[in-house]
Every structure is written in structure tokens, then in C-alpha cells.
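Chain by chain, the residues:
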Amino acid sequence: MERLLILEDGTVFKGKSFGATGNVFGEIVFTTSMTGYQETITDQSFNGQIITFTYPMVGNYGVNRDDYESIAPTCKGVVVKEHARVASNWRNQMTLDEFLKQKGIPGISGIDTRALTRKIREVGTMKASIVDAGDSFEHAYDQLKATVLATNQVQQVSTNKPYPSPGTGRNVAVIDFGLKHSILRELSKRDCNLTVLPYNTDAETILSLSPDGVMLTNGPGDPKDVPEAIEMIRQIQGKIPIFGICLGHQLFALANGADTYKMKFGHRGLNHPVREVATGRIDFTSQNHGYAVDEQTIDPEHLLVTHVEVNDGTVEGVRHRRYPAFSVQFHPDAAPGPHDALHLFDEFMEMMDAGKEQF
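All figures in this text were calculated on a predicted structure; none of them were measured in a lab. (Residues numbered from 1 in each chain as written. Predicted model: local features only at pLDDT ≥ 70, side-chain atom pairs only at ≥ 80, totals over all residues. Heavy atoms only, no water.)

Caption draft 1: Geometry of the environment of Cys-75. Mapped onto the fold, Cys-75 is located in the loop between β5 (57-58) and β6 (77-79). A sequence separation of 50 residues divides Cys-75 from Thr-125, and the C-alpha atoms of the two residues are 15 Å apart. The contact partners of Cys-75, leaving out residues within four places of it in the chain, are Ile-41, Phe-46, Asn-47, Gly-48, Gln-49, Ile-51 and Ile-105. (Helix = DSSP H or I, 4+ residues; strand = E, 2+ residues; numbered from the N terminus. Contact = heavy atoms within 4.5 Å.)

And the structure:
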């Protein structure tokens with residue numbers, strides 16, 4: 001069955017349907033990842049977005065039980081040049097088509113993803129819709145123009161109630177803004193005893209748990225849409241070690257007086273080179289974000305820029321001058337992606353151990 005991908009500027013791409021049925025509306029973005037489509041689709045940072053894969057074939061190794069980054073993905077749709085109808089891998093349990101049907105996510109294939117990516121790079125991310133070709137284009141386009149995209153994305157994907165992930169080592173409070181399972185996995189590998197908390201948990205509740213450290217996770221959308229988290233960070237920093245990732249990084253920067261801005265088309269992929277300022281070390285990193293910290297607004301008396309993106313010079317990491325707290329824009333947990341930055345989890349462990357003597 002034919003489907004249409006309609007962009008907010010009126011551009012239309014014709015393709016074929018796979019995955020779930022139904023018309024969807026969302027923000028169109030692209031990722032340059034060559035592998036890891038299951039982790040990408042299940043990453044809650046893609047909440048409300050239609051994901052374009054620039055790699056030409058997607059789905060050739062199927063979907064398995066080990067590579068979920070969340071159980072209930074909330075991206076709106078998937079756009080590919082070619083989707084593999086047959087999956088071949090020893091871990092394969094179902095095809096990408098079956099997986100998208102199961103999760104209620106429509107897909108469209110046969111798209112010139114190079115042309116689509118160029119369009120997004122030139123114009124920027126924009127609203128888009130995936131609709132059945134038999135529907136009236138005029139009606140579908142009017143619906144798209146009238147659609148207002150949600151701004152309560154973190155609320156949609158964060159846990160509603162606290163829950164434990166038991167361990168035998170350091171106690172870590174994980175603030176869930178739309179976390180990836182791989183963050184929990186890396187902390188669990190280091191024997192951490194985890195308590196996962198909702199995005200709007202207040203500072204008093206967090207401190208009452210007497211954790212050794214606080215993890216601010218990744219998540220979707222504009223960090224300024226989560227003001228309660230910004231205030232919480234201000235109240236706990238200086239009292240407990242903090243490590244922020246992606247959205248957690250942006251929130252940490254906002255809590256310390258910096259500003260954030262929406263990028264033209266963001267960073268999404270597995271091959272983003274990041275330079276550590278102090279050493280010149282280059283790590284290739286996994287990234288997925290549409291907002292960034294404005295370097296011009298960082299107060300050098302409070303925050304030190306620790307990492308920058310090699311390609312465009314954007315801020316990729318900061319550290320507090322006085323408190324045991326740091327954050328990075330990229331995903332050191334990878335999944336998918338290179339493992340160059342896994343050492344940051346070990347730095348967090350060392351910070352928590354030092355914090356036991358300090359606090």
C-alpha cells in the first residue's frame with residue numbers, strides 16, 4: 001500500500017507502507033546511525049518524532065529481546081529507503097515490520113532519504129506526517145499545519161512512581177526524564193543500588209533517600225519545559241554528587257545560569273567526535289538531541305566547559321567549579337554506538353566515593 005510523507009513546507013515524498021497502520025504527525029528528524037535501529041526506535045528521546053534513517057537498508061538483523069532502550073517506544077514513525085523484509089541474525093526474534101506493528105508505529109519505505117536529509121539540513125527540523133496515499137492531500141496537509149506538537153514530552157515518558165533496581169554497592173538516585181535502559185545497565189555493572197524516581201521529584205525527597213549520587217538522565221524535548229527539575233538541581237547541588245546526560249546536561253546547565261537553544265537539525269547518530277578540552281582526547285560518541293547549551297551564556301565562575309563537538313564547536317560537557325557535579329551532552333552509555341566514553345561512569349563512581357568523605 002502506498003503512503004505519503006508530507007512535510008510542513010508542503011514537500012511530499014511517496015513511498016510504501018510497512019509497520020502499523022494509521023496516520024501520524026510529529027517532528028521529522030534524521031539519524032546517521034548505520035546500526036542500532038532497535039535501540040534508536042526505543043530511545044524515549046525520540047518521543048513525538050518521525051525518525052529518518054540515512055543508512056540505506058534498515059531491519060536486516062531483526063529485533064531481539066536484548067536491545068530495547070525502553071519497552072514502550074513513543075516515536076511517531078519510521079522513514080527508510082529500504083526495509084529488510086527478511087531478518088537474519090542468531091538473536092533475531094521478529095522482523096522490523098512485525099515489531100513496528102506490535103508497537104503501533106507506522107513506517108514508510110522507498111523514500112529518497114538523501115534528498116529528505118538535505119531538506120532537513122537546509123530548512124531545519126519541522127512538522128511532518130505519514131498518511132495513506134488514498135487520503136486527501138489537502139485535508140492531510142491542513143491537519144498537519146493545524147497540529148500543535150506536545151511540549152509535555154518528559155511527563156509522557158517518565159516513570160509515574162519510584163521503583164528500585166537493586167544492587168549491593170553505591171546508592172544512586174536516578175531521575176527519569178526518559179531514561180535509556182543502557183544507563184541503568186552501566187550503573188548496575190558497577191554494582192550500584194538504584195532508585196529510579198519521576199522527573200518531578202523534589203529535592204527534599206531525593207535527599208531523604210541519602211543517596212551517594214544523583215544521575216540526571218536523557219529525555220525528549222526542550223529542557224525549559226521542565227522547570228521543576230531545574231529548581232530541584234539548584235537545591236541538591238553542593239549537597240550530593242551529580243552526573244547529567246543529554247537532557248540532564250542541559251538541565252544542569254540551566255540550573256547554573258546558562259541558557260539553551262534549539263538547534264537547526266540537532267545531533268543524532270553514532271559518529272560524533274567530541275574533544276576533551278583538558279587533554280585533547282577525542283572520543284567518538286552516540287548523540288541524540290535537538291537542543292544545546294549556549295556557550296556564550298556560561299558563567300565561568302560556576303561552570304567549566306570540559307568537552308566540545310569537533311564538527312561544529314558546540315558545548316558537549318561542563319563541570320561545576322565548586323561542587324562535585326558534571327554533565328555531558330552525548331551518551332557515554334552508547335547503545336547503540338562506540339564505547340569510547342564509558343570511563344565517565346567510572347569518574348562518577350570516584351566522585352561518589354570522594355563525596356562520602358566530603359558530605
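This is not the end of the story, as more comes after the structure.
Caption draft 2: Structural context of empty space enclosed by the protein. Tallying each qualifying case throughout the model produces 1 cavity of 30 Å³ or more. Its volume calculated, the largest cavity comes out at about 100 Å³. Taken together, 16 residues line the largest cavity, and the ones lying closest to its centre are Thr-40, Asp-43, Ser-286, Gln-287 and Asn-288. For the lining of the largest cavity, the elements supplying multiple residues, two or more each, are α1 (37-41), β15 (259-276) and β16 (282-294). (1 Å grid on protein atoms, 1.4 Å probe; cavity = no way out; pocket = protein on both sides within 12 Å on 5 of 7 lines; lining within 4 Å. Points joined across faces, edges and corners; volume = space filled by probe spheres on them.)

Caption draft 3: Here's a closer look at the pattern of salt bridges. Enumeration according to the criterion identifies 17 salt bridges in this entry. Asp-283 serves as the salt-bridge partner of Arg-281, at 2.8 Å between the closest nitrogen and oxygen. Assessed through its relative accessible area of 6%, Asp-283 is described here as buried. Linking Arg-319 and Glu-347 is a salt bridge whose minimum nitrogen-to-oxygen distance equals 3.4 Å. (Salt bridge = Lys/Arg side-chain N within 4 Å of Asp/Glu carboxyl O. Buried < 20%, exposed > 50% of the residue type's maximum accessible area, 1.4 Å probe, protein only.)

Caption draft 4: Main features of the UniProt feature "active site" (unreviewed entry) in the chain. In the numbering used here, UniProt assigns the feature "active site" (unreviewed entry) to Cys-246, His-331 and Asp-333. Considering the C-alpha atoms alone, the annotated residues occupy 88 residues of sequence yet fold into one spot, their largest mutual distance being 11.1 Å. The subset of the named residues that lines the largest cavity consists of His-331. Locating His-331 in the fold gives a position in the loop between β19 (325-328) and α10 (343-358). With residues near it in sequence (within four places) discarded, His-331 still touches Lys-180, Asn-218, Ile-245, Cys-246, Ser-286, Gln-287 and Asn-288. Setting aside anything within four residues of it in sequence, one finds Asp-333 in contact with Lys-180, Ser-182, Ile-183, Glu-186, Ile-245, Leu-342 and Phe-345. Of note is the side chain of Asp-333, whose polar atom sits 3.4 Å from the side chain of Lys-180. (UniProt positions renumbered as here; feature names shortened; annotations may be inferred. Polar contact = N/O pair within 3.5 Å; in protein donor to acceptor, adjacent residues only side chain to side chain.)

Caption draft 5: Seen up close, the pairing of strand β11 (residues 171-175). Counted residue by residue, β11 has 4 buried out of 5 residues, so it is predominantly covered. Pairing geometry for β11 and strand β12 (residues 193-197), over 5 bridges, is parallel. Its bridge partner being in β12, Ile-175 is matched across the sheet by Leu-197. With respect to chirality, the unit in which β11 leads through helix α6 (residues 181-189) into the neighbouring parallel β12 is right-handed. (Pairing = 2+ DSSP bridges. Right-handed = clockwise from strand over helix to strand, strands pointing away.)

Caption draft 6: Summary view of the packing of helix α8 (residues 227-236) against helix α9 (residues 247-255). The N-to-C vectors of α8 and α9 enclose an angle of 65 degrees; their axes lie 8 Å apart at closest approach. What the angle tells us is that α8 and α9 run roughly perpendicular. Judged by the sense of rotation from one axis to the other, the crossing of α8 with α9 is right-handed. Across from Ala-229, Ile-230, Ile-233 and Arg-234 in α8, the residues of α9 making contact are Leu-251, Phe-252, Leu-254 and Ala-255. Counted by class, the contact of α8 with α9 contains 7 nonpolar, no polar and 1 charged residues. (Axes fitted to C-alpha atoms, helices over the stretch in contact; angles between N-to-C directions. Parallel < 35°, antiparallel > 145°, perpendicular 65-115°, else oblique. Left-handed = near helix turned anticlockwise from the far one by under 90°. Nonpolar A, V, L, I, M, F, W, Y, C, P; charged D, E, K, R; others polar.)

Caption draft 7: Fine view of the packing of aromatic side chains. In this structure the tally under the stated criterion is 7 aromatic pairs. Ring geometry for Phe-243 against Phe-345: centres 5.7 Å apart, planes inclined by 75 degrees, an arrangement best described as edge-to-face. Of this pair, Phe-243 sits in strand β14 (residues 242-245) while Phe-345 sits in helix α10, and the two are 102 residues apart along the sequence. Across the pair, Phe-345 and Phe-243 agree in class, each one buried. Among the aromatic residues, ring-to-ring pairing joins Phe-243, Phe-326, Phe-345 and Phe-348 into one connected group. Here the guanidinium or amino end of Arg-319 rests over the ring plane of Phe-326, the centre of that ring lying 4.9 Å away. Lying across the ring of Tyr-323, Arg-322 places its NZ or CZ 5.5 Å from the centre. (Phe/Tyr/Trp six-rings, centres within 6.5 Å; stacked < 30°, edge-to-face > 60°. Lys NZ or Arg CZ within 6 Å of the ring centre and 35° of its normal.)

Caption draft 8: Expanded view of the pairing of β19. Burial along β19 is two-sided: the face carrying Ala-325 and Ser-327 and the face carrying Phe-326 and Val-328 are both buried. Strand direction decides the pairing type here: β14 and β19, joined by 4 bridges, are parallel. Bridge pairing in β19 places Phe-243 opposite Phe-326. As paired elements, strand β18 (residues 315-320) and β19 share 3 bridges and run antiparallel to each other. Considered in β19, the bridge of Arg-319 is made with Phe-326. What sits between the antiparallel neighbours β18 and β19 is a turn of 4 residues.

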